[in-house]
Amino acid sequence: MTKNVSERDWQAELARLQKLVDRSPHNTWLGLRFTAAGPEGIVIETGWREEFISAPERRAVHGGVLAGLVDSGVVFAVMAASGVMAATVDLRVDYHAIPASDAMRINAQVIRLGRTLATAEASVYDATGR
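Residues numbered from 1 in each chain as written. Predicted model: local features only at pLDDT ≥ 70, side-chain atom pairs only at ≥ 80, totals over all residues. Heavy atoms only, no water.

Notes on the pattern of salt bridges
Here is step 1 of the chain: This model, assessed by the stated rule, comprises four salt bridges.
Here is step 2 of the chain: Among the ionic pairs, glutamate 51 bridges to arginine 49, the shortest N-O distance being 3.4 Å.
Here is step 3 of the chain: Exposure remark for arginine 49: the relative accessible area of 25% places this residue in the partly exposed category. (Salt bridge = Lys/Arg side-chain N within 4 Å of Asp/Glu carboxyl O. Buried < 20%, exposed > 50% of the residue type's maximum accessible area, 1.4 Å probe, protein only.)

Dropping the structure here:
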């Protein structure tokens, strides 16, 4: 059952989501840290790891890392909005730019929250906001 967003304690929700992140070795490796959660969506930050690079000569972040950040962002946005566990059914990623080799921020929000399926979107930004 979905809680009314206006009745949610978003600080408690941040702590709940961070506990879920911290129990996953993959999410821990990515270094995911929740910095905001509210009716407008969630914000997750991740530190930099040299292992994110796929093309050393360009310092390009591997597309799979970016897709993983998008996937985590949308799943946790749905979980924050619904209050229940969620999993990805379908994932589409559009790559617009190569992020700088630095910390990244994921902004994610739910577009539609249905009874059994949800649609959400996420954007990944580097430290320069690109």
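Here's the deal with the pairing of strand 2 (residues 41-46)
Here is step 1 of the chain: Here strand 2 lies mainly inside the structure; five of its six residues are buried.
Here is step 2 of the chain: Turn length for the strand 1 (residues 33-38)-strand 2 hairpin, with the two strands adjacent in sequence and antiparallel, is two residues.
Here is step 3 of the chain: The pairing of strand 2 with strand 5 (residues 104-113) spans five bridges and is antiparallel. Residue valine 43 lies in a different strand from strand 5, and its bridge partner there is asparagine 107. (Helix = DSSP H or I, 4+ residues; strand = E, 2+ residues; numbered from the N terminus. Pairing = 2+ DSSP bridges.)

What to know about helix 1 (residues 10-22)
Here is step 1 of the chain: A rise of 1.5 Å per residue sets the reference length of helix 1, with its 13 residues, at 18 Å; its end C-alpha atoms lie 18 Å apart and thus fit the reference within 8%.
Here is step 2 of the chain: For helix 1, the full list of buried residues reads Trp10, Glu13, Leu14, Leu17, Gln18, Leu20 and Val21. Taken end-on, helix 1 shows its buried residues confined to a sector of 155°, consistent with a single buried face. Exposed and facing more than 90 degrees away from the buried side of helix 1 are Gln11 and Lys19.
Here is step 3 of the chain: If you follow the buried residues of helix 1, they end up packed against helix 2 (25-30), strand 1 and helix 3 (63-82). (Expected span 1.5 Å × (residues − 1). Arc of directions from axis to C-beta. Contact = heavy atoms within 4.5 Å.)

Some points on the side chain of threonine 46
Here is step 1 of the chain: With respect to the element layout, threonine 46 can be found in strand 2.
Here is step 2 of the chain: Assessed through its relative accessible area of 0%, threonine 46 is described here as buried.
Here is step 3 of the chain: For threonine 46, the residues in contact, after removing those within four places along its chain, are Leu30, Gly31, Leu32, Arg33, Phe52, Leu69, Ala103 and Met104.

Some remarks on the environment of arginine 130
Here is step 1 of the chain: Following the sequence through the fold, arginine 130 ends up in the segment after strand 6 (118-126).
Here is step 2 of the chain: Taking the C-alpha atoms as reference points, arginine 130 and methionine 104, separated by 26 residues in sequence, lie 9.6 Å from one another.
Here is step 3 of the chain: With near-sequence residues (within four places) excluded, arginine 130 lies in contact with Ala97, Ile98, Pro99, Val124 and Tyr125.

Considerations on the environment of aspartate 126
Here is step 1 of the chain: Along the chain, aspartate 126 falls in strand 6.
Here is step 2 of the chain: For the pair aspartate 126 and leucine 113, spaced 13 residues apart in sequence, the C-alpha to C-alpha distance is 28 Å.
Here is step 3 of the chain: In terms of polar contacts, aspartate 126 uses its side chain to reach the backbone amide nitrogen of alanine 100, at 2.8 Å. (Polar contact = N/O pair within 3.5 Å; in protein donor to acceptor, adjacent residues only side chain to side chain.)

Focus on the packing of aromatic side chains
Here is step 1 of the chain: Scanning the entire structure with this criterion turns up three aromatic pairs.
Here is step 2 of the chain: Between tryptophan 48 and phenylalanine 52, the ring centres sit 5.5 Å apart and the planes meet at 85°, which makes this aromatic pair edge-to-face.
Here is step 3 of the chain: Through pairs of rings, three or more aromatic residues link up here, namely Trp29, Trp48 and Phe52. (Phe/Tyr/Trp six-rings, centres within 6.5 Å; stacked < 30°, edge-to-face > 60°.)

Here's the deal with the sheet that holds strand 1
Here is step 1 of the chain: Strand order in the open sheet made by the four strands is 1-2-5-6, with antiparallel pairing throughout. Edge positions in the sheet fall to strand 1 and strand 6, since each has one partner strand and no second. The average angle at which neighbouring strand axes cross in this sheet is 15°, direction not considered. (Axes fitted to C-alpha atoms, helices over the stretch in contact; angles between N-to-C directions.)

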